[in-house]
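# Architecture at a glance
Take a look at the letters that make up each chain.
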Amino acid sequence: MNRIIAPSMLSADFGHLERDTRMIDASAAQWVHIDVMDGVFVPNISFGFPVMKPIRQATSKVLDVHLMIVEPERYVERFVEAGADLVTIHYEATSDPAGCIERIRRAGAKAGISIKPATPVETLRDLLPAVDLVLVMSVEPGFGGQSFIEGSLAKVAALREMVDRQGLPTIIEVDGGISAANARAVYDAGADAVVAGSAVFKAADPAAEIVRILEA
């Protein structure tokens, strides 16, 4: 299994967004993670289409866009137009997850679905064949810098079993409280990709920290 890391731009220096994006672009990270928050689905607001464009211009790596917004079906095409390679919606944020996933695919991007810590992985069983990625939140979505919820490891393992049993190529991604100290446990539980924000951008040497997490 090839490990993937997606540093989260939510923890970058917004005053030097291009610099930080180019740092990721030159690093061992394979993806760039962009958290989009609307202040409704989660109690915080981050950034949208205008900020995505300079990030897209500063990197050729996969833009992994995580929509923490209600009614994501209203906006998925615009995020693809802004440069998203992969768009992940929340199962809890739409009344029609399958329809929203199809809209993402029609727009030309890969599609992902995410669940909050309280949502059981069993909820996603029938949707797994339709998505490229499942994102397991290991903190409550909405803020960076939270502590990893240890029970997330069991969810990742259960999801890995479901994916493997169906013979699917679905990528399992985990987001929240991940650092070099716990990345190995997350990968060992069955994750393919991890999102790391504070651990990367608050490190003395962010590029070196990315390698530490990948090689944990």
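What counts, and at which threshold
Each chain carries its own residue numbering, running from 1 in the direction its sequence is written. It should be noted that, the model being predicted, local features are given only for residues of pLDDT at least 70 and side-chain atom pairs only at 80 or more, the latter also being counted only at that level, while totals for whole chains, interfaces and linings use all residues. Processing note: side-chain calculations cover all non-hydrogen atoms of the structure and skip hydrogens and water entirely. Going along the chain from the N terminus, every DSSP run of H or I of four or more residues is numbered as a helix, and every run of E of two or more is numbered as a strand. We compute the radius of gyration from the C-alpha atoms alone; for a globule the expected value is 2.2 Å times N to the 0.38, where N is the number of residues. Burial classification: accessible surface area is computed with a 1.4 Å probe over protein chains only, and a residue below 20% of its type maximum counts as buried, one above 50% as exposed, and the rest as partly exposed. The contact criterion used throughout is that any non-hydrogen atoms of two residues lie within 4.5 Å. Using a 1.4 Å probe, the Shrake-Rupley method yields the accessible areas, and only the shown protein chains count as cover for residues. Lys and Arg are tallied as positive, Asp and Glu as negative. Neither His nor the chain termini are counted. One atom stands in for each charge, and that atom is NZ of Lys, CZ of Arg, CG of Asp or CD of Glu. Two strands make a pair as long as DSSP finds a minimum of two bridges between them. If the strands point away from the viewer and the path from the first strand over the helix to the second runs clockwise, then the crossover is right-handed. What counts as an axis is a line fitted to C-alpha atoms, over the stretch in contact for a helix, and the angles between N-to-C directions run from 0 to 180 degrees. We place a 1 Å grid over just the protein atoms. Points where a 1.4 Å probe fits but has no way out form a cavity, open points with protein on both sides within 12 Å along at least 5 of 7 lines form a pocket, and any residue with an atom within 4 Å of a point lines it. Grid points are joined across faces, edges and corners, and a volume is the space filled by probe spheres set on the points. Basically, the charged four are Asp, Glu, Lys and Arg, the nonpolar ten are Ala, Val, Leu, Ile, Met, Phe, Trp, Tyr, Cys and Pro, and anything else, Gly included, counts as polar. By definition here, a helix of n residues has an expected span of 1.5 Å times n minus one. Each C-beta atom gives one direction from the helix axis, and the arc is the one those directions make. Pairing of aromatic rings covers Phe, Tyr and Trp, the last counted by its six-membered ring, and requires centre-to-centre distances within 6.5 Å; plane angles under 30 degrees mean stacked, over 60 mean edge-to-face, and any other angle means tilted. Here, over-ring charges are defined by two tests on the NZ atom of lysine or the CZ atom of arginine: distance to the ring centre within 6 Å, and angle to the ring normal within 35 degrees.

A tally of helices and strands in the chain yields eight helices and eight strands. Taken against the 2.2 N^0.38 rule, which gives 17 Å for 216 residues, the C-alpha radius of gyration of the chain at 16 Å falls within 12% of a compact globule. Each of the three principal axes of the chain carries a C-alpha extent, and together these read 40 × 35 × 30 Å. Here the chain, with 216 residues, has 54% of them falling under the buried criterion. Summarising the internal contacts of the chain: among those between residues at least 6 apart in sequence, 65% fall at separations of at least 24. In the structure as shown, the chain presents an accessible area of about 9,100 Å², 51% of it carried by carbon and sulfur atoms. Charged side chains in the chain number 20 positive and 29 negative. The centres of these two groups are separated by 2 Å.

The subject of this paragraph is the pairing of strand 8 (residues 193–196). Of the two faces of strand 8, the one holding A193 and V195 and the one holding V194 and A196 are both buried throughout. Two strands pair when backbone bridges link them, and strand 7 (residues 171–175) and strand 8 are joined in this way by three bridges, in the parallel orientation. Counterpart to D175 in the pairing with strand 8 is V195. Between the parallel elements strand 7 and strand 8, the chain passes through helix 6 (residues 183–189) in a crossover that is right-handed.

The next subject is the sheet that holds strand 2 (residues 31–37). In spatial order, the strands read 1-8-7-6-5-4-3-2; together these eight strands make up an open sheet with parallel pairing. Each edge of the sheet is formed by a strand with only one pairing partner; in this case those strands are strand 1 (4–7) and strand 2. When strand polarity is set aside, the average angle formed by the axes of neighbouring strands in this sheet is 25 degrees. Pairing of strand 2 with strand 3 (residues 62–68) involves seven bridges; the strand directions are parallel.

The rolling of a water-molecule-sized probe over the atoms marks out the regions of remaining empty space. Roughly 270 Å³ of internal volume is contained in the largest pocket. As for the largest pocket, its lining consists of 24 residues, and the residues nearest its centre are G144, G145, D175, G176 and G177. Elements with a contribution of two residues or more to the lining of the largest pocket: strand 2, strand 8 and helix 7 (198–201). Class assignment of the residues belonging to the lining of the largest pocket gives a composition of 11 nonpolar, 11 polar and two charged. Counted as a void, the second largest pocket has a volume near 160 Å³. In terms of lining residues, the second largest pocket is bounded by V36, M37, D38, G48, F49, I69, V70, R74, Y75 and F79. Residues belonging to the lining of the second largest pocket are distributed by class as follows: seven nonpolar, one polar and two charged.

All right, on to helix 5 (residues 152–165) then. Helix length check: helix 5 (14 residues) gives 20 Å between terminal C-alpha atoms against 20 Å at 1.5 Å per residue, within 8%. When we look at burial in helix 5, the residues that qualify are S152, K155, V156, L159, R160, M162 and V163. What you see down the axis of helix 5 is that its buried residues fit within an arc of 165 degrees, all on one side. Turned more than 90 degrees from where helix 5 packs its buried face, A154 and R165 sit exposed. Among the structural elements, strand 5 (110–115), strand 6 (133–137), strand 7 and helix 6 are those in contact with the buried residues of helix 5. Following helix 5 by one or two positions, G167 adopts a phi angle in the positive range, close to 65 degrees.

Glancing now at the packing of aromatic side chains. The geometry of an aromatic ring pair comes down to the distance between the two centres and the angle between the two planes. In the structure shown here, the tally under the stated rule is three aromatic pairs. Here F49 and Y75 contribute two aromatic rings whose centre-to-centre distance is 6.5 Å and whose plane-to-plane angle is 40 degrees, an arrangement assigned as tilted. Of this pair, F49 sits in helix 2 (residues 49–58) while Y75 sits in the loop between strand 3 and helix 3 (76–81), placing them 26 residues apart in sequence. Its relative accessible area of 15% is what places F49 among the buried residues. Measuring from centroid to centroid gives 4.5 Å for F49 and F79, while their planes differ by 45 degrees, and the two rings are tilted. Taken together, the positions of F49 in helix 2 and F79 in helix 3 put the pair 30 residues apart, joining distant regions of the chain. Looking at F79, the relative accessible area reads 2%, which means it is buried. Of note, K116 hangs over the ring of F41, and the distance from its end group to the ring centre comes to 4.4 Å.

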